[in-house]
Amino acid sequence: QVRLVESGGDLVQAGGSLRLSCVATGITFNTYAFAWFRQGPGKQRELVASIGRIGPLTYADSVKGRFTISRENAKNTVYLQLNSLKPEDTAVYYCNSLLLGRPGFSWGQGTQVTVSS
């Protein structure tokens, strides 16, 4: 059974940094592309960044130059480094596999990022 567990969210001031982690179990991790998504208050879930089996694929325009996605296959973990955070980055952040541009598994519980101004 596939399980996605996100962690690392917190309350930070604008300009601060966080590192989110996502551990995926129940799959052959290194064969999947992965992505981070986020859902802000009253907003639809959106794709933030994606990474293929080798390296990063895409970033949303709103996070380019500030966020960095990476993976560590030996630990079944995908990371998202968030720098220069803005209040509009406030959201619940989720990870998931990416299959033909769509999330591949059931969602985990997510991790809350709150950025104060």
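(A) Here's a closer look at the pattern of salt bridges. In the structure shown here, the tally under the stated rule is five salt bridges. A salt bridge links R38 to D89, with the shortest nitrogen-to-oxygen separation between them at 2.9 Å. On the criterion of sequence distance, the pair formed by R38 in strand β4 (residues 33-39) and D89 in the loop between β8 (77-82) and β9 (91-99) is long-range, its members being 51 residues apart. In this pair, the class of R38 matches that of D89, namely buried. In this structure, the salt-bridge partner of K64 is D61, at a minimum N-O distance of 3.1 Å. Both residues of the pair, K64 and D61, count as exposed. By sharing partners, the salt bridges in this structure join R38, E46, R66 and D89 into a single network.

(B) Structural context of the pairing of strand β5 (residues 46-51). Alignment of β4 against β5, held across five bridges, turns out to be antiparallel. Residue pairing in the sheet places F37 in a bridge with L47 of β5. The loop that links β4 with its antiparallel partner β5 comprises six residues; one of these, G42, has a positive phi angle of about 70 degrees. Inspection of the sheet shows β5 paired to strand β6 (residues 56-59) by three bridges, in the antiparallel sense. What sits directly across from A49, in β6, is Y59. Between β5 and β6, which pair antiparallel one after the other, the connecting turn spans four residues.

(C) View of the environment of W107. Along the chain, W107 falls in the loop between β10 (102-103) and β11 (111-116). When residues no more than four places from it in sequence are discounted, the contact partners of W107 are F37, R45, Y94, C95 and N96.

(D) Highlighting the sheet that holds strand β1 (residues 3-7). Strand order in the open sheet made by the four strands is β1-β3-β8-β7, with antiparallel pairing throughout. The sheet is open, and its two borders are formed by β1 and β7 (67-72), each paired with just one other strand. The mean inter-strand angle of the sheet, taken between neighbouring strand axes irrespective of direction, is 15 degrees. Sheet topology places strand β3 (residues 18-25) next to β8; six bridges connect them, and they run antiparallel. By the bridge assignment for β8, L20 is matched with L80.

(E) Structural context of unusual backbone geometry. Despite not being glycine, N76 shows a phi value in the positive range, around 55 degrees. By secondary structure assignment, the location of N76 is in the loop between β7 and β8. With a phi close to 55 degrees, L100 is a non-glycine residue in the positive phi region. Note on placement: L100 falls in the loop between β9 and β10.

Calculation rules
- Residues numbered from 1 in each chain as written.
- Predicted model: local features only at pLDDT ≥ 70, side-chain atom pairs only at ≥ 80, totals over all residues.
- Heavy atoms only, no water.
- Salt bridge = Lys/Arg side-chain N within 4 Å of Asp/Glu carboxyl O.
- Helix = DSSP H or I, 4+ residues; strand = E, 2+ residues; numbered from the N terminus.
- Buried < 20%, exposed > 50% of the residue type's maximum accessible area, 1.4 Å probe, protein only.
- Pairing = 2+ DSSP bridges.
- Contact = heavy atoms within 4.5 Å.
- Axes fitted to C-alpha atoms, helices over the stretch in contact; angles between N-to-C directions.

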